[in-house]
Amino acid sequence: MLIICVLKKELIIIYNSNEYNLISLELLSSYLNTRYLGRNYLYFDTIDSTNLKAKTLLKANNSHLTNGTLLISEEQTAGRGRLDRSWHCSKSSGLLFTIVLHTNIETIHLPKITLIVAASICITLKKFDVDAKIKWPNDIFINHKKICGVLTEMSTNSKRINSLIIGIGLNVNTIKTDFPEDLKDIASSLSAEYGHHFSRELILAEILNNFEELFEDFSQNLSLENTIEICKNNSAVLNREVFLINRGIYEEVLVKDLSSDGELVVEKKDGSIIKVSSGEISLKFKNN
Ligand code: BTN
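The notes below deal with the structure included here. Here the structure is a predicted model, which means the values were calculated and not measured.

### Focus: the sheet that holds strand E6 (residues 133–135)
On the basis of which strands lie adjacent, the open sheet formed by seven strands has the order E3-E4-E5-E9-E8-E7-E6 and mixed pairing. Either end of the sheet is taken by a strand with one partner, and the two such strands are strand E3 (41–44) and E6. On average, adjacent strands in this sheet sit at an angle of 20° to one another, irrespective of strand direction. Relative to strand E7 (residues 139–142), E6 is paired through three bridges, and the arrangement is antiparallel. Directly across from isoleucine 134, in E7, lies its bridge partner isoleucine 140. On top of the sheet, helix H3 (residues 110–127) reaches E6, E7, strand E8 (145–157) and strand E9 (160–171); it is set at about 145° to E8, its chief contact.

### Examining the site of the ligand
Surveying the vicinity of the ligand reveals 21 residues, the closest of which are Ser49, Gln76, Arg80, Arg82 and Lys146. Between the ligand and arginine 80 there is a distance of 2.6 Å, counted from a nitrogen atom to a backbone nitrogen or oxygen. Between an oxygen atom of the ligand and a side-chain N or O atom of lysine 146, the distance comes to 2.6 Å. Within the complex, the protein chains bury 98% of what would otherwise be the 420 Å² of accessible surface of the ligand. Looking at the shell around the ligand, the elements that each hand over two or more residues are helix H2 (50–59), strand E5 (94–102), E8 and E9. It is E8 that contributes the most residues to the shell around the ligand, four residues altogether. Residues that form the shell around the ligand fall into these classes: six nonpolar, 11 polar and four charged.

### So, the pattern of salt bridges
Considering all chains together, one arrives at 17 salt bridges under this definition. Between arginine 80 and glutamate 153 there is a salt bridge, with the nearest N and O atoms lying 3.3 Å from each other. Separated by 73 residues along the polypeptide, arginine 80 in the loop between strand E4 (69–73) and E5 and glutamate 153 in strand E8 bring together distant segments of the chain. When salt bridges with common partners are traced through the structure, they connect Lys55, Arg80 and Glu153 into a single cluster.

### Details of the packing of H3 against helix H6 (residues 225–233)
Between H3 and H6, the shortest axis-to-axis distance is 9 Å and the interhelical angle comes to 60°. Between H3 and H6, the angle falls in the class oblique. Our pair here, H3 against H6, has a crossing hand that is left-handed. Between H3, through Leu115, Ile116, Ala119, Cys122 and Ile123, and H6, the contact on the second element is made entirely by Thr227, Ile228, Ile230 and Cys231.

### What about H3?
For H3, with 18 residues, the first-to-last C-alpha span of 27 Å sits near the 26 Å given by 1.5 Å per residue. Counting buried positions over the 18 residues of H3 gives 14, a clear majority of the element. A positive backbone phi angle near 60° is found at aspartate 129, which sits one or two residues after H3.

### Digging into the sheet that holds strand E10 (residues 241–246)
Read across the sheet, five strands follow the order E13-E12-E11-E10-E14 without closing on themselves; strand pairing throughout is antiparallel. The sheet is open, and its two borders are formed by strand E13 (273–276) and strand E14 (282–285), each paired with just one other strand. The average angle at which neighbouring strand axes cross in this sheet is 45°, direction not considered. Here E10 runs beside strand E11 (residues 249–258); their pairing, made up of six bridges, is antiparallel. Residue pairing in the sheet places phenylalanine 243 in a bridge with glutamate 252 of E11.

### Regarding the side chain of arginine 200
With respect to the secondary-structure elements, arginine 200 resides in helix H5 (residues 200–221). What makes arginine 200 buried here is its relative accessible area of 6%. Polar side-chain contacts of arginine 200 include one of 2.6 Å to the backbone oxygen of asparagine 21. In this structure the side chain of arginine 200 is engaged in a polar contact, spanning 2.8 Å, whose partner is the backbone oxygen of glycine 94.

### A word on the pairing of E11
From the end of E10 to the start of E11, which pair antiparallel, there are two residues, and arginine 247 there has a positive phi angle of about 50°. Relative to strand E12 (residues 264–268), E11 is paired through five bridges, and the arrangement is antiparallel. By the bridge assignment for E12, valine 253 is matched with lysine 268. Where E11 hands over to E12, the hairpin turn is made up of five residues, of which glycine 262 adopts a positive phi near 90°.

Here is what the cut-offs are and how they apply
Residues numbered from 1 in each chain as written. Predicted model: local features only at pLDDT ≥ 70, side-chain atom pairs only at ≥ 80, totals over all residues. Heavy atoms only, no water. Pairing = 2+ DSSP bridges. Helix = DSSP H or I, 4+ residues; strand = E, 2+ residues; numbered from the N terminus. Axes fitted to C-alpha atoms, helices over the stretch in contact; angles between N-to-C directions. Contact = heavy atoms within 4.5 Å. Near = heavy atom within 4 Å. Polar contact = N/O pair within 3.5 Å; in protein donor to acceptor, adjacent residues only side chain to side chain. Areas by Shrake-Rupley, 256 points an atom, 1.4 Å probe, with all protein chains shown as cover. Nonpolar A, V, L, I, M, F, W, Y, C, P; charged D, E, K, R; others polar. Salt bridge = Lys/Arg side-chain N within 4 Å of Asp/Glu carboxyl O. Parallel < 35°, antiparallel > 145°, perpendicular 65-115°, else oblique. Left-handed = near helix turned anticlockwise from the far one by under 90°. Expected span 1.5 Å × (residues − 1). Buried < 20%, exposed > 50% of the residue type's maximum accessible area, 1.4 Å probe, protein only.

Next comes the structure, spelled out in structure tokens:
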């Protein structure tokens with residue numbers, strides 16, 4: 001149900017948050033200015049996981065998965081995050097999607113792709129006046145709460161990436177009460193933080209537009225310059241004390257910089273400076 005009120009000659013549209021507003025693929029296409037990203041799509045009402053689906057179709061050599069295919073679902077029953085975590089989002093309230101790219105880039109570059117995605121999401125949100133921060137390597141935060149995560153996977157052929165499977169979960173209009181109890185204090189959504197509804201189609205199209213541009217810069221010229229600049233200017237971790245977590249072991253470090261290759265430059269407690277690549281490492285804030 002859509003409630004429309006007219007107050008003092010101003011039209012106010014109030015969305016009933018329990019009502020599903022399905023993604024309009026027509027609207028989405030009209031906002032796209034990409035060459036190949038999102039031009040082919042697979043839309044699902046419900047699915048286990050868009051990343052899982054993409055991998056299954058890739059394994060089966062499914063011809064529908066052309067370069068830039070977008071798999072998008074209103075809901076996931078087994079959404080997955082990095083390091084085997086799960087990803088929850090109530091139906092039609094967020095963006096749950098996977099981009100498939102056929103490439104020939106070297107596998108060592110995989111962590112850079114996650115940064116390119118994070119940078120694309122960050123500049124997209126800035127366009128909507130959202131003060132988004134990147135928590136290296138794959139999270140987007142607003143007001144110290146996570147609103148978005150990126151899960152980048154690949155299918156390889158020895159040293160080369162055949163296909164990139166890039167999964168993104170973004171909480172757009174999710175209401176606070178819809179978050180699982182254990183996430184209520186650490187996760188949020190755009191609408192919960194900004195107090196108004198956001199267009200999922202517009203945000204998704206902008207992410208795809210920005211991502212294609214930054215990705216092309218990298219795949220054509222191996223240039224990460226713009227991505228690194230965006231990540232540095234909007235970093236949630238630069239100059240902060242954090243814990244690096246590697247296979248359950250916590251190490252307290254100070255984040256000094258982001259290298260031109262996208263590695264985190266940190267100072268250890270003994271004063272030594274090291275570079276860390278995302279891989280199996282995750283990062284936890286020391287203080288919020
Ligand atoms: C993380 O924060 O660890 C990454 C979360 C990625 C979630 C998205 S939702 C769409 C795609 N399908 C999945 O199963 N996972 C990704």
